[in-house]
Amino acid sequence: MSGDSRVQTEKSLSRVAAVERKTKETFIRGSLVVDGTGQSQVLTGIPFLDHMIDQLSRHGLFDITLEVKGDLEIDLHHSVEDAGLVLGELFDQALGNREGIHRFGQARVPLDETLAEVVVDLSGRPYLVHDFPFERGERIGSFDPDLIQDFLQAWVSKSRTTLHTRVIYGRNLHHKAEALFKSLARALREAATPDPRRHGVPSTKGTLRA
């Protein structure tokens, strides 16, 4: 095995994390393997959220386990937001100092009549721009699509990522959300992939911990 290959393999083997979070509103346990095969075990108590996180896992080739026990009898918000916080913390821990990664990623994904676009910068600076058009009162089953922004904002804050998401066009709300999460998966996979030509942190500052 060459020196570069050995370094890349060692990086891949170390990119794992486990997090447990407990509040009066939720108890969450999760784990992540960045260099996985797209396997997931997700039980949030919110089937549509499970479906979206499974898309993130499957198309990003991340192995994700996430178990959420929350006060769903009150509202879905606490469980959705806290799931985003834990998943963001998992990515932040697993990526470490982000040495040797591509850092940037982007993807456009279609789903029938819908086209979504996501651009990711693993910059160390949390910032979200979210363009997901829908009419107030619309639901995906019983799921309020406004919660997608809450989930992404929580994920961005803990993963310390700059994230721009946009549904370019589409009609079906389920298709819009699914295309967006698939785009996120592909863009994040690109950004997090080690670059064999890069040595050190991909920043002129020398750090992505800002």
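We now turn to the structure provided with this report. Since the structure is predicted, the reported quantities are computational estimates derived from the model, not experimental observations.

### Regarding helix H4 (residues 146-159)
Look at H4: 20 Å from first C-alpha to last across 14 residues, which is about the 20 Å you get at 1.5 Å a residue. Among the residues of H4, those classed as buried are Leu147, Ile148, Phe151, Leu152, Ala154, Trp155, Val156 and Ser159. Structurally, H4 contributes buried residues whose contacts are with helix H2 (47-60), helix H3 (77-95), strand S7 (127-131), strand S8 (162-169) and helix H5 (173-192). Arg160 sits one or two residues past H4 and shows a positive phi near 55 degrees.

### Some words on the packing of aromatic side chains
Per the counting criterion, the structure on display carries 5 aromatic pairs. Between Phe48 and Phe143, the aromatic rings sit 5.1 Å apart at their centres with planes inclined by 45 degrees, giving tilted as the arrangement. Placement of the pair is Phe48 in helix H2 and Phe143 in the loop between S7 and H4, with a sequence separation of 95 residues. Summarising the burial analysis for this pair, Phe48 and Phe143 share the class buried. A centroid spacing of 5.9 Å and a plane angle of 80 degrees characterise the contact between Phe91 and Trp155, whose relative ring orientation is edge-to-face. You can see Phe91 sitting in helix H3 and its partner Trp155 sitting in helix H4, a full 64 residues away along the chain. For Phe91, a relative accessible area of 1% puts it in the buried group. Taken together, the ring pairs in this structure connect Phe62, Phe91 and Trp155 into an aromatic cluster.

### Overview of the packing of H2 against H5
Axis separation between H2 and H5 bottoms out at 8 Å; the angle between their running directions is 35 degrees. By crossing handedness, the relation of H2 to H5 is classed as right-handed. Contacts from Phe48, His51, Met52, Gln55, Leu56, His59 and Gly60 in H2 reach His174, Ala177, Glu178, Phe181, Lys182, Leu184, Ala185, Arg186 and Arg189 in H5. When grouped by side-chain class, the residues that make up the contact of H2 with H5 number 7 nonpolar, 5 polar and 4 charged.

### Some remarks on the pattern of salt bridges
What the rule picks out here adds up to 14 salt bridges. Between Arg15 and Asp35 there is a salt bridge, and its shortest N-O distance comes to 2.7 Å. Of this pair, Arg15 sits in the loop between helix H1 (3-14) and strand S1 (16-22) while Asp35 sits in the loop between strand S2 (26-33) and strand S3 (40-43), and the two are 20 residues apart along the sequence. Look at Arg15 and you get buried, because its relative accessible area is 6%. With a relative accessible area of 31%, Asp35 lands in the partly exposed category. Connected via shared salt-bridge partners are Glu20, Arg29, Glu67 and Lys69.

Thresholds, definitions, all that
- Residues numbered from 1 in each chain as written.
- Predicted model: local features only at pLDDT ≥ 70, side-chain atom pairs only at ≥ 80, totals over all residues.
- Heavy atoms only, no water.
- Helix = DSSP H or I, 4+ residues; strand = E, 2+ residues; numbered from the N terminus.
- Expected span 1.5 Å × (residues − 1).
- Buried < 20%, exposed > 50% of the residue type's maximum accessible area, 1.4 Å probe, protein only.
- Contact = heavy atoms within 4.5 Å.
- Phe/Tyr/Trp six-rings, centres within 6.5 Å; stacked < 30°, edge-to-face > 60°.
- Axes fitted to C-alpha atoms, helices over the stretch in contact; angles between N-to-C directions.
- Left-handed = near helix turned anticlockwise from the far one by under 90°.
- Nonpolar A, V, L, I, M, F, W, Y, C, P; charged D, E, K, R; others polar.
- Salt bridge = Lys/Arg side-chain N within 4 Å of Asp/Glu carboxyl O.

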